[in-house]
Amino acid sequence: MEIHISKDTEQLSNELAEWISHYIQQVLEKKERFTFVLSGGGTPKLLYSKLAEMPYKESIPWNRIHFFWGDERAVPFEDSRNNARMCFEELLEKVPVVAENIHVMRTDIDPDSSAEAYESILKTYFQDSETTFDLVLLGMGDDGHTLSLFPGTDVIHEQNAWATSFFLPAQDMYRITLTAPPVNQSACVVFLAAGSGKAETLKNVLQGERNMDLYPSQIINPENGQLHWFVDEAAASLYQSGK
Ligand SMILES: O=C(O)[C@H](O)[C@@H](O)[C@H](O)[C@H](O)COP(=O)(O)O
């Protein structure tokens, strides 16, 4: 695991945009397509808007990138809470992507069918390949959740399905989410977290005892891939470097 600490969210977004751009170029030197899992939540908005600006708008080979999502709130695409919609607004509408390469988690069908359909897209994509995505961008909630793996939920320990759906009473909505297995088979996972509200949880996730039911983010640990945390100083304020 590698942790990158930036001064504030502006610097964090700039540094991560640069890192992602460099990583994409590197991977695309060796293969034709790049698979990128986008995250919802508030923190990546600034990152996406940076990637949509120069120089990345022109330097990244957008037409060779295939986009997926880590999780989705089962609300219509038009709803401002829809994760895919946010990603379109901040990034995908602004750069030359190929429409067929964008794989949203559908919310115009029932959540179970949507999760099944997503899993079958992924299985078709990756077939028997040992490695899944080139890059999975994840957020972490103040409570330690990532994807839609919320503390105390069964989905944290799902071993078979690659995508699933369930009702989240606290938010009165269904969620559709990737499970840990396809994420842990990816080539690289990047967590992006910012703000003092995440400081205690970040410390517990990275340096506390292992308790995935309490801190689901701990379950994410690519078997043969890289794991990076990009955080700002506020989120890292309780993290003890060098420990
Ligand atoms: O749909 C969601 O809510 C997200 O996919 C979720 O997993 C998010 O990444 C975290 O909650 C962090 O969100 P913030 O960046 O807003 O803190």
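Just above sits the structure.
Residues numbered from 1 in each chain as written. Predicted model: local features only at pLDDT ≥ 70, side-chain atom pairs only at ≥ 80, totals over all residues. Heavy atoms only, no water.

Brief notes about the sheet that holds strand β7 (residues 173-178)
Ordered in space as β4-β7-β6, the 3 strands form an open sheet in which the pairing is antiparallel. Single-partner strands in this sheet number two, and they are β4 (71-73) and β6 (163-168). In this sheet, neighbouring strand axes are inclined to one another by 20° on average, regardless of whether the strands run parallel or antiparallel. Bridging between β6 and β7 involves 6 bridges; their strand directions are antiparallel. (Pairing = 2+ DSSP bridges. Helix = DSSP H or I, 4+ residues; strand = E, 2+ residues; numbered from the N terminus. Axes fitted to C-alpha atoms, helices over the stretch in contact; angles between N-to-C directions.)

Points about the packing of helix α2 (residues 44-51) against helix α4 (residues 83-92)
It is at 8 Å that the axes of α2 and α4 come closest, and there the two elements cross at 35°. Judged by residue contacts, P44, K45, Y48, S49 and L51 of α2 engage M86, C87, E90 and L91 from α4. Broken down by class, the residue content of the contact of α2 with α4 amounts to 6 nonpolar, 1 polar and 2 charged. (Contact = heavy atoms within 4.5 Å. Nonpolar A, V, L, I, M, F, W, Y, C, P; charged D, E, K, R; others polar.)

Examining the site of the ligand
Around the ligand lies a shell of 15 residues, among which G42, T43, D71, R73 and K198 are the nearest. Here an oxygen atom of the ligand sits 2.7 Å away from a polar atom, N or O, in the main chain of G42. Within the contact set of the ligand, an oxygen atom lies 2.5 Å away from a side-chain nitrogen or oxygen of D71. When the free accessible area of the ligand is taken as 420 Å², the share hidden by the protein chains comes to 85%. One can see that the ligand is located within the largest pocket. Its residues placed into classes, the shell around the ligand shows 2 nonpolar, 9 polar and 4 charged. (Near = heavy atom within 4 Å. Polar contact = N/O pair within 3.5 Å; in protein donor to acceptor, adjacent residues only side chain to side chain. Areas by Shrake-Rupley, 256 points an atom, 1.4 Å probe, with all protein chains shown as cover. 1 Å grid on protein atoms, 1.4 Å probe; cavity = no way out; pocket = protein on both sides within 12 Å on 5 of 7 lines; lining within 4 Å. Sits in = over half its atoms within 2 Å of the grid points.)

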